[in-house]
Amino acid sequence: MGKIHASAWGATPAQLVGLVSSDPASAQQIAAQTGAKIYESLDSLIYDVDVVDICTPTDLHHGMVLQAAAAGKHIVCEKPLARSNAQTREMIAACDRAGVKLLVAQVVRFFPEYARAKAVVDSGEIGRVGVIRLTRCSFKPARNDPSSWFHDHARSGGMMFDLMIHDFDYARWVGGDVTTVYAKHVIDRFPDAPGDYALAILTHASGAMSHVEGGWAYPVPMFRTALEIAGERGLIEHPAASSVALGVHLHETSTSDASIAVPRNPVLEDPYTTQIKHFYDVLNATVSVPRVTAQDGAAAVEIALAAIESAQTGRPVHLKGAPR
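No experiment lies behind these values; they were computed from the predicted model shown.

Each value, and the rule that gives it
- Going along each chain's sequence as written, the residues are numbered from 1 onward.
- Thresholds applied to this predicted model are a pLDDT of at least 70 for local features of residues and 80 or more for the giving and counting of side-chain atom pairs; totals over whole chains, interfaces and linings are not thresholded and use all residues.
- Water and hydrogen atoms play no part in the side-chain values, which are based on all heavy atoms of the structure.
- Comment: elements are numbered from the N terminus, with helices defined as DSSP H or I runs of at least four residues and strands as E runs of at least two.
- Between the rings of Phe, Tyr and Trp (Trp by its six-membered ring), a pair exists once the centres lie within 6.5 Å; its type follows the angle of the planes, with under 30 degrees stacked, over 60 edge-to-face, and the other angles tilted.
- Per-residue accessibility, obtained with a 1.4 Å probe over protein chains only, is compared with the maximum for each type, and a residue is labelled buried under 20%, exposed over 50%, and partly exposed between these values.
- To sit over a ring, a charge needs its Lys NZ or Arg CZ within 6 Å of the ring centre and within 35 degrees of the ring normal.
- Here an angle of 0 to 180 degrees is reported between the N-to-C directions of two axes, which are lines fitted to C-alpha atoms, with helices fitted over the stretch in contact.
- Rotating anticlockwise by less than a right angle from the far helix to the near helix defines a left-handed crossing, while the corresponding clockwise rotation defines a right-handed one.
- Contacts were defined at the residue level, with two residues in contact if any of their heavy atoms lie within 4.5 Å.
- When DSSP finds at least two bridges between two strands, those strands are taken to pair.
- For a helix, the expected span equals 1.5 Å multiplied by the residue count minus one.
- In this description, the arc belongs to the directions extending from the helix axis to the C-beta atoms.

## Looking at unusual backbone geometry
- Looking along the chain, the bond that leaves K79 and enters P80 is cis, with omega of -20°.
- Summarising the element assignment, P80 is placed in the loop between strand 4 (74-78) and helix 5 (85-98).
- A cis geometry characterises the amide bond from V220 onward to P221, with omega recorded as 5°.
- Take P221: it is sitting in the loop between strand 9 (209-216) and strand 10 (223-231).
- Of note in the backbone geometry, A285 takes a positive phi value of approximately 65° without being a glycine.
- Within the secondary structure layout, A285 lies in the loop between helix 10 (271-283) and helix 11 (294-313).

## Quick look at the packing of aromatic side chains
- Tallied over the entire structure, the rule returns five aromatic pairs.
- Considering the side-chain rings of Y114 and Y170, the 5.0 Å spacing of their centres and the 90° angle between planes classify their relative orientation as edge-to-face. Within this pair, whereas Y114 is found in helix 6 (residues 112-123), its partner Y170 is found in helix 9 (residues 165-175), the two being separated by 56 residues in sequence.
- Y170 gets classed as buried once you look at its relative accessible area, which sits at 0%.
- Ring centres of F150 and W216 lie 6.3 Å apart, and the angle between their planes is 85°; this geometry places the pair in the edge-to-face category. Here W216 lies in strand 9 and F150 lies in the loop between strand 6 (129-138) and helix 7 (153-156), a separation of 66 residues in the sequence.
- Geometry around Y39 places K37 over its ring, the cationic atom sitting 4.7 Å from the centre.
- Above the face of the F161 ring, R83 is positioned so that its terminal group lies 4.9 Å from the ring centre.

## Considerations on the packing of helix 9 against helix 11
- Across the interface, helix 9 lies against helix 11 with an axial gap of 9 Å and an inter-helix angle of 115°. In this structure, the crossing between helix 9 and helix 11 has a hand that is right-handed. Between helix 9 and helix 11, the contacting residues are I165, F168, D169 and R172 on the first element and D296, A299, A300, V301, I303, A304 and A307 on the second.

## As for the pairing of strand 11 (residues 234-238)
- With burial as the criterion, only one face of strand 11 is covered, namely that bearing G234, I236 and H238; the residues L235 and E237 on the opposite face remain uncovered.
- Judged from the five bridges that link them, strand 10 and strand 11 form a sheet pairing that is antiparallel. Residue pairing for strand 11: G231 is matched across the bridge by G234.
- In this structure, the hairpin formed by strand 10 and strand 11 is closed by a connection of two residues.
- Bridge analysis of strand 11 against strand 12 (residues 246-250) gives four bridges, and the strand direction is antiparallel. Pairing of G234 across the sheet is with L250, part of strand 12.

## Describing helix 6
- Along its 12 residues, helix 6 runs 16 Å from first to last C-alpha, staying within 8% of the 16 Å computed at 1.5 Å per residue.
- Here helix 6 has its buried residues at E113, Y114, A117, K118, V120 and V121. For helix 6, the buried positions fall inside an angular range of 160° around the axis, keeping them on one side. Set apart from the buried face of helix 6 by more than 90 degrees, the exposed residues are D122 and S123.
- Following helix 6 by one or two positions, G124 has its phi on the positive side, about 85°.

## Some words on the sheet that holds strand 5 (residues 102-105)
- If you trace the three strands from one edge of the open sheet to the other, you get 3-4-5, paired in parallel fashion. Bordering the open sheet on either side are strand 3 (51-54) and strand 5, each of which pairs with just one other strand. Between one strand and the next, the sheet's axes are offset by a mean angle of 15°, whatever the strand orientation.
- Strand direction decides the pairing type here: strand 3 and strand 4, joined by four bridges, are parallel. Bridge pairing in strand 4 links V51 to H74.
- Sheet contacts for helix 10: strand 3, strand 4 and strand 5; angle to strand 5, the most-contacted strand, approximately 170°.

If you want it as C-alpha coordinates, here you go:
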(Lines give C-alpha, C1' and ligand atoms only; values in the text may rest on other atoms or scores of the structure.)
Protein backbone atom coordinates (compact mmCIF):
# COMPACT_ATOMS: atom_id res chain seq x y z
CA MET A 1 0.00 0.00 0.00
CA GLY A 2 2.94 2.33 0.59
CA LYS A 3 4.00 1.83 -3.02
CA ILE A 4 0.46 2.60 -4.20
CA HIS A 5 0.24 5.79 -2.16
CA ALA A 6 3.72 6.89 -3.26
CA SER A 7 2.71 6.49 -6.88
CA ALA A 8 -0.55 8.36 -6.29
CA TRP A 9 1.22 11.33 -4.69
CA GLY A 10 3.20 11.55 -7.92
CA ALA A 11 -0.02 12.60 -9.68
CA THR A 12 -0.23 15.71 -7.46
CA PRO A 13 2.02 18.79 -7.18
CA ALA A 14 3.18 17.51 -3.77
CA GLN A 15 6.80 16.52 -3.22
CA LEU A 16 7.40 13.08 -1.76
CA VAL A 17 10.18 14.03 0.66
CA GLY A 18 10.94 10.73 2.32
CA LEU A 19 9.79 7.34 3.49
CA VAL A 20 10.25 4.88 6.33
CA SER A 21 9.85 1.16 5.70
CA SER A 22 10.61 -2.13 7.41
CA ASP A 23 11.25 -3.58 3.93
CA PRO A 24 14.59 -2.24 2.63
CA ALA A 25 14.04 -3.56 -0.91
CA SER A 26 10.68 -1.80 -1.24
CA ALA A 27 12.12 1.37 0.23
CA GLN A 28 14.97 1.37 -2.26
CA GLN A 29 12.55 0.81 -5.14
CA ILE A 30 10.28 3.70 -4.14
CA ALA A 31 13.24 5.98 -3.50
CA ALA A 32 14.69 5.20 -6.92
CA GLN A 33 11.38 5.89 -8.63
CA THR A 34 10.49 9.08 -6.77
CA GLY A 35 13.74 10.62 -5.56
CA ALA A 36 12.53 10.42 -1.96
CA LYS A 37 15.01 10.01 0.88
CA ILE A 38 14.94 6.87 3.02
CA TYR A 39 14.73 7.66 6.74
CA GLU A 40 15.47 5.24 9.56
CA SER A 41 12.41 6.12 11.62
CA LEU A 42 9.35 8.30 11.84
CA ASP A 43 11.24 10.33 14.46
CA SER A 44 13.88 11.32 11.90
CA LEU A 45 11.37 11.94 9.09
CA ILE A 46 8.57 13.80 10.79
CA TYR A 47 10.04 17.30 11.06
CA ASP A 48 11.07 17.39 7.37
CA VAL A 49 7.51 17.06 6.04
CA ASP A 50 4.11 18.78 6.13
CA VAL A 51 2.01 15.62 5.80
CA VAL A 52 2.54 12.07 7.10
CA ASP A 53 0.92 9.26 5.08
CA ILE A 54 0.59 6.11 7.21
CA CYS A 55 0.45 2.81 5.31
CA THR A 56 1.56 0.49 8.12
CA PRO A 57 -0.17 -2.53 9.71
CA THR A 58 -3.34 -1.45 11.51
CA ASP A 59 -2.03 -1.90 15.05
CA LEU A 60 0.64 0.77 14.41
CA HIS A 61 -1.78 3.49 13.25
CA HIS A 62 -2.71 4.75 16.70
CA GLY A 63 0.80 5.53 17.92
CA MET A 64 1.94 7.01 14.63
CA VAL A 65 -1.09 9.29 14.32
CA LEU A 66 -0.56 10.58 17.86
CA GLN A 67 3.12 11.20 17.09
CA ALA A 68 2.35 13.06 13.86
CA ALA A 69 -0.37 15.14 15.52
CA ALA A 70 1.97 16.08 18.38
CA ALA A 71 4.43 17.32 15.75
CA GLY A 72 1.70 19.43 14.11
CA LYS A 73 1.58 17.40 10.89
CA HIS A 74 -1.47 16.66 8.78
CA ILE A 75 -2.16 12.94 8.40
CA VAL A 76 -3.39 10.51 5.78
CA CYS A 77 -4.03 7.11 7.38
CA GLU A 78 -4.91 3.85 5.69
CA LYS A 79 -8.00 1.98 6.78
CA PRO A 80 -8.90 0.62 9.29
CA LEU A 81 -8.24 3.77 11.27
CA ALA A 82 -7.28 1.85 14.45
CA ARG A 83 -7.89 -1.39 16.34
CA SER A 84 -10.36 -0.05 18.92
CA ASN A 85 -13.00 2.59 19.42
CA ALA A 86 -11.00 4.08 22.29
CA GLN A 87 -8.02 4.51 19.97
CA THR A 88 -10.04 6.22 17.24
CA ARG A 89 -11.48 8.66 19.78
CA GLU A 90 -8.02 9.46 21.12
CA MET A 91 -6.61 9.95 17.60
CA ILE A 92 -9.39 12.31 16.55
CA ALA A 93 -9.13 14.29 19.78
CA ALA A 94 -5.34 14.63 19.38
CA CYS A 95 -5.70 15.89 15.81
CA ASP A 96 -8.43 18.34 16.83
CA ARG A 97 -6.25 19.74 19.62
CA ALA A 98 -3.29 20.07 17.27
CA GLY A 99 -5.39 21.68 14.55
CA VAL A 100 -4.31 19.11 11.95
CA LYS A 101 -6.37 17.17 9.43
CA LEU A 102 -6.85 13.40 9.78
CA LEU A 103 -7.83 11.89 6.43
CA VAL A 104 -8.83 8.22 6.37
CA ALA A 105 -8.15 6.20 3.21
CA GLN A 106 -11.47 4.36 2.82
CA VAL A 107 -10.81 4.01 -0.90
CA VAL A 108 -14.09 2.34 -1.95
CA ARG A 109 -15.76 5.76 -1.80
CA PHE A 110 -13.46 6.71 -4.70
CA PHE A 111 -14.14 3.73 -6.96
CA PRO A 112 -16.16 5.09 -9.91
CA GLU A 113 -18.98 2.52 -9.71
CA TYR A 114 -19.47 3.08 -6.00
CA ALA A 115 -19.21 6.86 -6.24
CA ARG A 116 -21.68 6.89 -9.15
CA ALA A 117 -24.15 4.71 -7.24
CA LYS A 118 -23.96 7.09 -4.26
CA ALA A 119 -24.60 10.03 -6.61
CA VAL A 120 -27.66 8.27 -8.08
CA VAL A 121 -29.01 7.70 -4.56
CA ASP A 122 -28.40 11.33 -3.63
CA SER A 123 -30.20 12.49 -6.79
CA GLY A 124 -33.38 10.80 -5.57
CA GLU A 125 -33.63 8.84 -8.80
CA ILE A 126 -34.41 5.50 -7.10
CA GLY A 127 -36.29 7.07 -4.20
CA ARG A 128 -35.84 6.13 -0.56
CA VAL A 129 -33.27 3.35 -0.05
CA GLY A 130 -34.63 0.14 1.45
CA VAL A 131 -31.98 -2.55 0.98
CA ILE A 132 -28.24 -2.42 0.27
CA ARG A 133 -26.34 -5.58 -0.69
CA LEU A 134 -22.54 -5.52 -0.79
CA THR A 135 -20.08 -8.32 -1.55
CA ARG A 136 -16.27 -8.36 -1.24
CA CYS A 137 -14.62 -11.78 -1.46
CA SER A 138 -11.01 -12.59 -2.28
CA PHE A 139 -8.13 -14.92 -1.55
CA LYS A 140 -6.45 -14.64 1.85
CA PRO A 141 -3.56 -12.14 1.92
CA ALA A 142 -0.15 -13.73 2.50
CA ARG A 143 -1.93 -17.07 2.73
CA ASN A 144 1.35 -19.02 2.58
CA ASP A 145 3.06 -16.90 5.23
CA PRO A 146 1.74 -17.77 8.71
CA SER A 147 3.97 -15.08 10.22
CA SER A 148 2.21 -12.30 8.27
CA TRP A 149 0.54 -9.62 10.38
CA PHE A 150 -2.68 -10.25 8.44
CA HIS A 151 -2.94 -13.63 10.22
CA ASP A 152 -2.52 -12.10 13.68
CA HIS A 153 -5.96 -10.96 14.78
CA ALA A 154 -4.51 -8.75 17.50
CA ARG A 155 -2.78 -6.77 14.74
CA SER A 156 -5.14 -6.92 11.74
CA GLY A 157 -8.49 -7.78 13.30
CA GLY A 158 -8.93 -10.53 10.71
CA MET A 159 -11.06 -10.59 7.60
CA MET A 160 -14.19 -9.07 9.15
CA PHE A 161 -12.18 -6.07 10.29
CA ASP A 162 -9.57 -5.58 7.57
CA LEU A 163 -11.66 -6.43 4.49
CA MET A 164 -15.32 -5.95 5.35
CA ILE A 165 -14.66 -2.49 6.79
CA HIS A 166 -14.66 -1.23 3.19
CA ASP A 167 -18.32 -2.13 2.78
CA PHE A 168 -19.33 -1.26 6.32
CA ASP A 169 -18.14 2.26 5.53
CA TYR A 170 -19.86 2.32 2.16
CA ALA A 171 -23.15 0.99 3.57
CA ARG A 172 -23.16 3.78 6.14
CA TRP A 173 -22.27 6.36 3.46
CA VAL A 174 -25.31 5.33 1.42
CA GLY A 175 -27.79 4.21 4.09
CA GLY A 176 -26.90 6.55 6.93
CA ASP A 177 -25.98 5.85 10.54
CA VAL A 178 -26.10 2.23 11.70
CA THR A 179 -28.02 1.30 14.84
CA THR A 180 -27.76 -2.50 15.03
CA VAL A 181 -25.34 -5.13 13.69
CA TYR A 182 -25.92 -8.89 13.48
CA ALA A 183 -23.30 -11.19 11.95
CA LYS A 184 -22.30 -14.80 11.32
CA HIS A 185 -18.72 -15.91 10.68
CA VAL A 186 -17.29 -19.22 9.44
CA ILE A 187 -13.53 -19.92 9.59
CA ASP A 188 -11.59 -22.91 8.23
CA ARG A 189 -14.53 -25.25 7.70
CA PHE A 190 -12.52 -27.22 5.14
CA PRO A 191 -9.26 -28.76 6.49
CA ASP A 192 -7.43 -28.73 3.16
CA ALA A 193 -8.33 -25.20 2.05
CA PRO A 194 -8.50 -21.81 3.79
CA GLY A 195 -12.02 -20.68 4.54
CA ASP A 196 -12.96 -17.34 6.05
CA TYR A 197 -16.47 -16.09 5.29
CA ALA A 198 -18.91 -13.76 7.05
CA LEU A 199 -22.28 -12.18 6.51
CA ALA A 200 -23.42 -9.11 8.43
CA ILE A 201 -26.82 -7.43 8.54
CA LEU A 202 -26.83 -3.73 9.40
CA THR A 203 -29.94 -1.83 10.44
CA HIS A 204 -29.78 1.87 9.66
CA ALA A 205 -31.51 4.67 11.55
CA SER A 206 -33.20 5.57 8.25
CA GLY A 207 -34.98 2.21 8.25
CA ALA A 208 -32.78 0.78 5.49
CA MET A 209 -31.10 -2.60 5.84
CA SER A 210 -27.68 -3.64 4.54
CA HIS A 211 -26.45 -7.16 3.79
CA VAL A 212 -22.64 -7.19 3.78
CA GLU A 213 -20.81 -10.32 2.58
CA GLY A 214 -17.05 -10.78 2.95
CA GLY A 215 -14.56 -13.58 2.54
CA TRP A 216 -10.93 -14.60 2.38
CA ALA A 217 -11.67 -17.96 0.82
CA TYR A 218 -11.26 -17.66 -2.95
CA PRO A 219 -8.41 -19.26 -4.91
CA VAL A 220 -5.60 -16.90 -5.96
CA PRO A 221 -5.99 -14.52 -7.80
CA MET A 222 -9.80 -14.25 -7.61
CA PHE A 223 -11.29 -11.05 -6.20
CA ARG A 224 -14.99 -10.30 -6.61
CA THR A 225 -17.03 -7.30 -5.52
CA ALA A 226 -20.66 -6.44 -6.14
CA LEU A 227 -23.22 -3.88 -5.04
CA GLU A 228 -26.99 -3.62 -5.21
CA ILE A 229 -29.06 -0.74 -3.85
CA ALA A 230 -32.85 -1.10 -3.91
CA GLY A 231 -35.04 1.94 -3.54
CA GLU A 232 -38.76 2.54 -3.73
CA ARG A 233 -38.52 3.63 -7.39
CA GLY A 234 -35.75 1.44 -8.74
CA LEU A 235 -32.60 -0.61 -8.39
CA ILE A 236 -28.88 0.12 -8.81
CA GLU A 237 -26.62 -2.85 -9.47
CA HIS A 238 -22.97 -3.54 -10.08
CA PRO A 239 -22.79 -7.32 -10.54
CA ALA A 240 -19.57 -9.17 -9.73
CA ALA A 241 -17.24 -9.55 -12.73
CA SER A 242 -19.67 -7.59 -14.91
CA SER A 243 -18.53 -5.76 -18.04
CA VAL A 244 -21.07 -3.05 -17.26
CA ALA A 245 -19.86 -0.79 -14.47
CA LEU A 246 -23.27 0.19 -13.16
CA GLY A 247 -26.89 -0.47 -14.08
CA VAL A 248 -29.79 1.70 -12.90
CA HIS A 249 -33.21 0.09 -13.38
CA LEU A 250 -36.25 2.29 -12.79
CA HIS A 251 -39.84 1.22 -12.28
CA GLU A 252 -42.18 2.45 -15.02
CA THR A 253 -45.86 3.11 -14.41
CA SER A 254 -46.97 2.11 -17.90
CA THR A 255 -44.67 -0.25 -19.76
CA SER A 256 -41.72 -2.38 -18.71
CA ASP A 257 -38.84 -1.37 -16.49
CA ALA A 258 -36.38 1.05 -18.02
CA SER A 259 -32.70 0.32 -17.78
CA ILE A 260 -29.93 2.92 -17.75
CA ALA A 261 -26.41 1.56 -18.13
CA VAL A 262 -23.30 3.45 -17.15
CA PRO A 263 -20.54 1.88 -19.31
CA ARG A 264 -17.07 1.18 -17.98
CA ASN A 265 -14.59 3.89 -19.00
CA PRO A 266 -11.15 2.39 -19.73
CA VAL A 267 -9.39 5.74 -19.21
CA LEU A 268 -10.61 6.28 -15.64
CA GLU A 269 -7.70 6.81 -13.26
CA ASP A 270 -6.82 4.45 -10.46
CA PRO A 271 -9.14 5.06 -7.45
CA TYR A 272 -6.15 5.30 -5.10
CA THR A 273 -4.85 8.17 -7.24
CA THR A 274 -8.29 9.81 -7.22
CA GLN A 275 -8.32 9.49 -3.43
CA ILE A 276 -4.86 11.03 -2.91
CA LYS A 277 -5.63 13.87 -5.34
CA HIS A 278 -8.78 14.58 -3.33
CA PHE A 279 -6.79 14.57 -0.09
CA TYR A 280 -4.27 16.96 -1.67
CA ASP A 281 -7.13 19.35 -2.49
CA VAL A 282 -8.46 19.07 1.06
CA LEU A 283 -5.02 19.77 2.51
CA ASN A 284 -4.71 22.83 0.27
CA ALA A 285 -8.23 24.00 1.18
CA THR A 286 -9.53 23.89 -2.39
CA VAL A 287 -12.01 21.28 -1.10
CA SER A 288 -13.58 22.21 2.22
CA VAL A 289 -15.10 18.89 3.28
CA PRO A 290 -13.30 15.58 2.70
CA ARG A 291 -15.27 12.76 1.14
CA VAL A 292 -14.16 10.64 4.12
CA THR A 293 -13.90 12.34 7.50
CA ALA A 294 -12.05 11.06 10.56
CA GLN A 295 -15.46 10.47 12.15
CA ASP A 296 -16.40 8.29 9.16
CA GLY A 297 -13.27 6.22 9.71
CA ALA A 298 -14.11 5.84 13.40
CA ALA A 299 -17.70 4.83 12.61
CA ALA A 300 -16.49 2.11 10.25
CA VAL A 301 -14.28 0.72 13.01
CA GLU A 302 -17.23 0.73 15.41
CA ILE A 303 -19.41 -1.21 12.95
CA ALA A 304 -16.67 -3.74 12.22
CA LEU A 305 -16.01 -4.38 15.91
CA ALA A 306 -19.76 -4.77 16.49
CA ALA A 307 -19.95 -7.33 13.67
CA ILE A 308 -17.10 -9.34 15.22
CA GLU A 309 -18.76 -9.19 18.65
CA SER A 310 -22.07 -10.31 17.19
CA ALA A 311 -20.47 -13.23 15.38
CA GLN A 312 -18.75 -14.31 18.58
CA THR A 313 -21.80 -14.00 20.84
CA GLY A 314 -24.56 -14.94 18.41
CA ARG A 315 -26.51 -11.82 19.41
CA PRO A 316 -27.19 -8.51 17.68
CA VAL A 317 -25.08 -5.59 18.86
CA HIS A 318 -26.64 -2.16 19.33
CA LEU A 319 -24.29 0.68 18.60
CA LYS A 320 -23.77 3.51 21.07
CA GLY A 321 -26.79 5.77 21.21
CA ALA A 322 -28.95 3.39 19.17
CA PRO A 323 -32.44 2.44 20.36
CA ARG A 324 -32.65 -0.99 21.99
